[in-house]
Structure formats: structure tokens, C-alpha cells
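Chain by chain, the residues:
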Amino acid sequence: RIIDFIWESYSKDAKILEIAAGCGQVSFALEKCGFENIEFCEFDKRRVMFSEAIKKGISSDCTIHSCDYRKLNLQQYKLIFVINAAGSHLGVQDYELLAETVLSGTDVILRFDKYGKDNKIFEKLDAHDRINHTNIDFENTGVRGIIRYSATNGRWNYSECTGNWGKIPRKEGIDSNR
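Owing to the predicted nature of the structure, the values given are computational and were not obtained by experimental measurement.

Q: I would appreciate a short explanation of the overall build of the protein in the present structure.
A: Across its full length, the protein holds five helices and seven strands. What you see in the protein, going N to C, is helices and strands ordered as α-β-α-β-α-β-β-α-β-α-β-β. Per-residue burial for the protein yields a buried fraction of 48% across its 178 residues. When contacts within the protein are restricted to residue pairs at least 6 apart in sequence, those whose partners lie at least 24 apart make up 63%. Summed over its atoms, the accessible surface of the protein is roughly 9,200 Å², and 46% of this surface lies on carbon and sulfur atoms.

What follows is the structure, encoded as C-alpha cells:
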């Protein structure tokens with residue numbers, strides 16, 4: 001689902017960062033789909049070593065960061081996403097960093113129930129009046145799933161998806177360069 005959504009929503013030259021990437025399988029898959037500027041970040045040194053071996057084995061150009069993602073300049077990316085980061089070191093304490101990142105123009109995608117030990121980060125981001133949130137988990141309608149956060153820019157705040165899988169409603173002038 002996440003790969004299809006990114007495929008439909010972002011240009012192939014968009015700079016994209018996956019956080020808490022494990023061995024990087026989603027990032028490697030995006031690269032194989034033609035995305036040119038894929039990076040991922042993993043804190044666990046064993047997973048990074050495994051990622052480096054995979055990268056070499058498949059001749060990947062993905063950039064691998066072996067650090068806490070909070071040390072990176074997040075505002076340089078078009079998209080940051082997290083699929084499974086249920087560790088205790090992540091959570092609502094990242095609200096200010098993620099909100100600032102979204103407001104700078106970087107989209108953030110988080111998977112509900114899979115960021116930190118609770119869902120308080122979602123409550124805080126959802127409540128921000130300048131941050132739009134859209135459920136992009138189209139297969140599980142009516143349930144929180146994969147949430148895209150983007151800046152509203154004070155013009156549009158929509159949360160309903162079209163009937164087409166993988167499409168988010170676009171308003172002229174917004175997201176036109178993705």
C-alpha cells in the first residue's frame with residue numbers, strides 16, 4: 001500500500017527518507033520502482049550491517065543513515081515515512097520536530113499503532129490547525145491506518161479520498177510539483 005501511494009503521489013526525483021527502516025526493504029523496493037533519491041535511517045547497528053550487505057548484493061544507490069533520525073535535517077526531504085516503529089524511544093516526544101517538519105513543506109507518513117508505544121503523537125498532530133491529515137489506507141476504510149500529514153498552507157483542509165485507489169484529491173496549485 002505505501003509503495004503504491006508513493007508511486008501515485010510523488011515524483012521519481014523526490015527526496016524521500018524512511019525512518020526506522022529495519023533492513024530497508026521498502027526503500028530498496030522504491031528504488032527498484034524508479035525513485036532516484038531514496039534514503040533510509042536505522043538506529044540498530046545489526047540491521048544497518050544487514051542493510052549494507054543487501055545494498056551491495058543488489059547494487060543499490062540508496063543512502064543508509066546509521067543514526068537517530070532526529071539528528072538529520074528532515075526539512076530537506078519531500079517525504080518522510082515510517083511503517084513500523086513501535087519502539088519505546090519514539091512517540092509523542094517527537095511532536096514538535098515532526099510538526100515543524102510538516103509545516104516546512106515536508107510530508108510525513110506514519111502508521112497508526114506503529115509509532116512509539118501509544119498513539120498520542122497522532123492525537124497531537126491531528127489537532128494541529130495547520131496540519132492536514134489523510135488516511136491513505138484505502139483497503140481498511142473507517143479504520144485509522146496509514147496517515148499522511150501535510151501542511152494546509154491555510155488554503156485547503158480535506159481528509160476524504162477519491163474513489164480511486166492511491167489517489168488523494170488535488171486542488172490546483174497544491175502538490176502540483178510532486
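Q: Explain the sheet that holds strand 4 (residues 79-81) here, please?
A: Sheets are built from strands that pair by backbone hydrogen bonding, the pairs being arranged parallel or antiparallel. The seven strands lie next to each other as 3-2-1-4-5-7-6, forming an open sheet whose pairing is mixed. Edge positions in the sheet fall to strand 3 (63-65) and strand 6 (131-135), since each of these pairs with one other strand and no more. Adjacent strand axes in the sheet meet at a mean angle of 20 degrees, parallel and antiparallel pairs treated alike.

Q: Help me understand the pairing of strand 2 (residues 37-41), please; the structure alone is not making it clear to me.
A: A regular strand places its side chains on the two faces of the sheet in alternate fashion. The buried count for strand 2 comes to four of five residues, which makes it a mostly enclosed element. Handedness of the crossover joining strand 1 (residues 15-19) and strand 2 through helix 2 (residues 25-32) is recorded here as right-handed. Two strands pair when backbone bridges link them, and strand 2 and strand 3 are joined in this way by three bridges, in the parallel orientation. What sits directly across from cysteine 41, in strand 3, is histidine 65. Between strand 2 and its parallel partner strand 3, the chain crosses via helix 3 (residues 45-57), and the hand of that crossover is right-handed.

Q: Even after reading the chapter, I still don't get the nonpolar core, so can you show me in this structure?
A: One recurring pattern in soluble globular proteins: nonpolar side chains tend to sit buried together. Ranked by internal contacts, the top residues of the largest apolar core, which has 25 residues, are Leu17, Tyr69, Leu110, Tyr115, Ile121, Leu125 and Tyr149. When contributions to this core are tallied by element, the ones reaching two or more residues are strand 1, helix 4 (95-103), strand 5 (107-111), helix 5 (120-127) and strand 7 (146-151). Residue contacts for leucine 17: discarding those within four places in its chain leaves Glu39, Phe40, Cys41, His65, Leu72, Leu74, Tyr77, Leu79, Ile80 and Phe81. Core analysis: the second largest hydrophobic core is formed by 22 residues, Ile6, Leu30, Ile38 and Ile136 among them.

Q: How do you make sense of the confidence of the model for the protein when you look at a structure like this?
A: Detailed reading of the predicted model is not advised wherever pLDDT is low. With 80% of its residues at a pLDDT of at least 70, the protein reaches an overall mean of 83. Predicted confidence for residues 154-178 stays below pLDDT 50, and this span has 52 contacts to residues more than four positions away or in other chains.

Q: Is there a simple way to think about the packing of aromatic side chains in this case?
A: The description of an aromatic ring pair uses the distance of the two centres, along with the angle that the planes make with each other. Here the structure, examined in full by the defined rule, presents four aromatic pairs. Centroid distance tryptophan 7 to phenylalanine 35: 6.4 Å. Interplanar angle 70 degrees. Geometry classified as edge-to-face. Here phenylalanine 35 lies in the loop between helix 2 and strand 2 and tryptophan 7 lies in helix 1 (residues 2-9), a separation of 28 residues in the sequence. Relative to phenylalanine 122, the ring of phenylalanine 112 lies with its centre 4.9 Å away and its plane at 65 degrees, an arrangement referred to as edge-to-face. Of the two residues, phenylalanine 112 sits in the loop between strand 5 and helix 5 while phenylalanine 122 sits in helix 5, which places them 10 residues apart along the sequence. When its relative accessible area of 21% is taken as the criterion, phenylalanine 112 is described as partly exposed. The class of phenylalanine 122 is buried, set by a relative accessible area of 1%. Lysine 12 extends its terminal NZ or CZ atom over the ring of tryptophan 7, reaching a point 3.5 Å from the ring centre. The ring of tyrosine 77 has lysine 15 lying over it, and the distance from NZ or CZ to the ring centre is 5.3 Å.

Cut-offs used in this document
Residues numbered from 1 in each chain as written. Predicted model: local features only at pLDDT ≥ 70, side-chain atom pairs only at ≥ 80, totals over all residues. Heavy atoms only, no water. Helix = DSSP H or I, 4+ residues; strand = E, 2+ residues; numbered from the N terminus. Buried < 20%, exposed > 50% of the residue type's maximum accessible area, 1.4 Å probe, protein only. Contact = heavy atoms within 4.5 Å. Areas by Shrake-Rupley, 256 points an atom, 1.4 Å probe, with all protein chains shown as cover. Pairing = 2+ DSSP bridges. Axes fitted to C-alpha atoms, helices over the stretch in contact; angles between N-to-C directions. Right-handed = clockwise from strand over helix to strand, strands pointing away. Core = buried A, V, L, I, M, F, W, Y, C linked by side-chain atoms within 4.5 Å. pLDDT = per-residue confidence, 0-100. Phe/Tyr/Trp six-rings, centres within 6.5 Å; stacked < 30°, edge-to-face > 60°. Lys NZ or Arg CZ within 6 Å of the ring centre and 35° of its normal.

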